[in-house]
Each structure stands twice: as structure tokens, then as C-alpha cells.
Amino acid sequence: MSQASNAPLSNGVRTSWQVTRSVWYALFMREAISRTMADRMGWFWMIAEPMAFTLIMLLPRSFAGGDALVANAEFIPWMITGMMGYFLVRDGMLRSMGAVDANSALFAYRQVQPVDPVLVRNAVEGVLHTFIFLLFILGALFFHIDLVPDNAIAAIGWWIVLWCVGVALGLIASVAGTLVPELATVFRMSTMPLMILSGVILPLNHLPHRVLEYLMYNPLVHGVELLRAGFFDGYKVVHGTSAIYFGLFTLATLALGLVMHVRFKEKLKTQ
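Residues numbered from 1 in each chain as written. Predicted model: local features only at pLDDT ≥ 70, side-chain atom pairs only at ≥ 80, totals over all residues. Heavy atoms only, no water.

Novice: Talk me through the overall build of the protein; I want residue IDs and the actual numbers.
Specialist: Across its full length, the protein holds 12 helices and 0 strands. Starting at the N terminus and ending at the C terminus, the protein contains elements arranged as α-α-α-α-α-α-α-α-α-α-α-α. Against the compact-globule benchmark of 18 Å for 271 residues, the protein has a radius of gyration of 20 Å, which places it among compact chains. Put simply, the protein has 271 residues, and 42% of those count as buried. (Helix = DSSP H or I, 4+ residues; strand = E, 2+ residues; numbered from the N terminus. Rg over C-alpha atoms; globule rule 2.2 N^0.38 Å. Buried < 20%, exposed > 50% of the residue type's maximum accessible area, 1.4 Å probe, protein only.)

Novice: How would you summarise unusual backbone geometry if you had to cite specific residues and measurements?
Specialist: One non-glycine residue, H144, adopts positive backbone phi at about 60 degrees. One can find H144 in the loop between α6 (115-142) and α7 (152-179).

Novice: Could you give an account of a nonpolar patch on the surface, with specific residues and numbers?
Specialist: On the surface, W43, F131, L135, L138, L141 and V148 cluster together to form a nonpolar patch covering roughly 530 Å² of accessible area. A per-element tally of the nonpolar patch places α6 first, with 4 residues. You can see V148 is positioned in the loop between α6 and α7. For V148, a relative accessible area of 35% gives the class partly exposed. (Patch = residues over 30% accessible without salt bridge, like charges linked within 9 Å, V, L, I, M, F, W, Y side chains within 5 Å. Areas by Shrake-Rupley, 256 points an atom, 1.4 Å probe, with all protein chains shown as cover. Salt bridge = Lys/Arg side-chain N within 4 Å of Asp/Glu carboxyl O.)

Novice: Which residues make up the packing of aromatic side chains, and what values go with them?
Specialist: As enumerated under the stated definition, the model contains 9 aromatic pairs in all. Ring plane angle 25 degrees and centroid distance 5.5 Å describe the contact between F133 and F231, whose orientation is recorded as stacked. Of the two residues, F133 is situated in helix α6 and F231 in helix α10 (residues 219-231); the sequence distance between them amounts to 98 residues. Each member of the pair F133 and F231 is classed as buried. Ring plane angle 90 degrees and centroid distance 5.2 Å describe the contact between F142 and F143, whose orientation is recorded as edge-to-face. Residue F142 is classed as exposed on the basis of its relative accessible area, which comes to 64%. Judged by its relative accessible area of 60%, F143 is exposed. (Phe/Tyr/Trp six-rings, centres within 6.5 Å; stacked < 30°, edge-to-face > 60°.)

Novice: I'd like a description of the layout of surface pockets, backed by residues and values.
Specialist: Approximately 410 Å³ is the volume found for the largest pocket. Lining the largest pocket are 16 residues; nearest its centre among them are M51, L55, I80, F136 and F143. Considering each element in turn, the lining of the largest pocket owes the most residues, 7 residues, to helix α3 (residues 42-63). Considering only residue class, the lining of the largest pocket consists of 13 nonpolar, 3 polar and no charged. (1 Å grid on protein atoms, 1.4 Å probe; cavity = no way out; pocket = protein on both sides within 12 Å on 5 of 7 lines; lining within 4 Å. Points joined across faces, edges and corners; volume = space filled by probe spheres on them. Nonpolar A, V, L, I, M, F, W, Y, C, P; charged D, E, K, R; others polar.)

Novice: How would you sum up helix α8 (residues 181-197)? Please name residues and give values.
Specialist: The first and last C-alpha atoms of α8 sit 25 Å apart over 17 residues, in line with the 24 Å expected at 1.5 Å per residue. Roughly 35 degrees is the biggest bend found in α8, and it falls at T191, with proline P193 one to four residues downstream. Looking only at α8, the buried set comprises A184, T191 and M195. Phi turns positive, to about 70 degrees, at G199, one or two residues after α8. (Expected span 1.5 Å × (residues − 1). Bend = angle between axes of the 7 residues up to and from the residue.)

Novice: Requested: an account of helix α4 (residues 75-96), with residues and values cited.
Specialist: Because an α-helix completes one turn every 3.6 residues, residues spaced three or four positions apart along the sequence face the same direction. In this model α4 runs 32 Å from its N-terminal to its C-terminal C-alpha over 22 residues, within 8% of the 32 Å that 1.5 Å per residue would give. Extensive coverage of α4 is indicated by the burial of 18 of its 22 residues.

Novice: Requested: an account of the packing of α4 against α6, with residues and values cited.
Specialist: Two numbers describe how α4 lies on α6: the axes approach to 9 Å, and their chain directions differ by 160 degrees. Between α4 and α6, the crossing angle belongs to the class labelled roughly antiparallel. Here α4 and α6 pass one another in a crossing that is right-handed. Contact residues: I80, T81, M84, F87, L88, D91, G92, R95 and S96 in α4; V118, R121, N122, E125, G126, H129, F133 and F136 in α6. Of the residues in the contact of α4 with α6, the class split is 7 nonpolar, 6 polar and 4 charged. (Axes fitted to C-alpha atoms, helices over the stretch in contact; angles between N-to-C directions. Parallel < 35°, antiparallel > 145°, perpendicular 65-115°, else oblique. Left-handed = near helix turned anticlockwise from the far one by under 90°. Contact = heavy atoms within 4.5 Å.)

Shown next, in the form of C-alpha cells:
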């Protein structure tokens, strides 16, 4: 029965799901090959870039005694975990902005919609970032740094939710950045301040309560802290961290991004 339901219809017409799955598979292979094989140094830079950035951020803080700033977690694994989670969201948003323009020629086929390359590009980014994070964990073990999650199920779960946030922001940014190119510049410029305000490289628990109260409106603070809580048993998250708030934000932004793609589908095809 299951084989019959997955097979093409008897008259040769495929179901909508079969068409969509074929489109996503073709776009995924196209995007994966482009990201990994278009440049001979592609794989090197995908691994070297986050490693170099992490080392640059780690060295001054570790020499300054960063371990004293974080409760129940070593400073180096604490920062690596936060950076990997933030990069997953950031790259999902930034790379989505060029997905519509890069695949505009494919919109001549009615099976391909503007939302498809955005979703597929985020899928590729999720796979690549997960692979890079696993390399970081293996490398940390080699240097006797404990980066293995204490609660693997929670860590994987929040990693997936952070990926969903990247998808959601990517959906919104792909529409806004394509229709109003100036907004793409704003999105790119906001990534560095957002990283600082999300508690990725600086513990937020030591900030005054009046400042922290406003920073907790930033949902990425909650996502990064929840990911860290999955990695470090007994880790004291920033006061006010809420899984419900972060989950509702993820669902709301996903819904908004999908609605924007439905609303501006035709305009995106003609850009």
C-alpha cells in the first residue's frame, strides 16, 4: 500500500508532493555542488573561516581570565558553542538574501517557486554548519577540551530550533532584500552588533539589571543560552531565559516569512 501511494499516478501525472520533492532535490544538489566545488579552496575556507574568527575572539578573552566570568562552564567551549549557534542563524539569513536572484532563471519553470531556493539553501547551510560543528567537537577532544554536550538530546533539539530561526529570518530577508535592495545592506550591517547583543562573546549576567531587561527582548539570547544549557550540565543561563518565548518567536517568524513569500511571489519572479 505504501509503495502504491508513493508511486506516480497511473496516467503518468505526478502528485504535487512528488514534484516539490524533485525540485528540492535538484536545487539541493545544485546548491551543494556550488558551495563545495565551485572553488578549489571552498572546503578549506568553510572550515578555516569560523576557526580563525573563533581564535581571534578567544585569545584576548582567555588571557584575561574568561573562565571567571562563566558559571559551571569552561570559557572556550562556552564561546565556541555560542558562536556556532549564532553563525547558524546568521548565515541562514544572509545567504538566503541572494537565493532568489541567483535562481531567477529557474522561475521560468512553473514548478519552481521563489520560496524553494531559500528553503534549500538553508538546508545546505544547516548540513554544512552541523558538519563544521562536529569537526570543532572532534578537534576540541584532540586538545583535551570538553566540548561534548552533557545533554545531547537537548543540544540537538535547540540546534534544530536555531536552524529554524535562520530559515525564518532567511525567508523574511529574501523577500525584503530582493524587493528593497537597501535593506540587504542593513541586514548585513546588523550582524556584528547583534552578535554582541546576543551574548555570544560576552556573558550578559554581569550587566546591570536595567540593561539586561531590554537585551532579553532579543530572542537570540534565549536560543544561544538554551543551546549552551544542553552542552553544559548545571550551566546558569542568563536570568529571564525562556524556551516558550524563543519557541513562539520561531513559529511567528516562520509564519511571517511564508506569508511574505505567498504575498509577493509574483513580484519576486519578475525581479
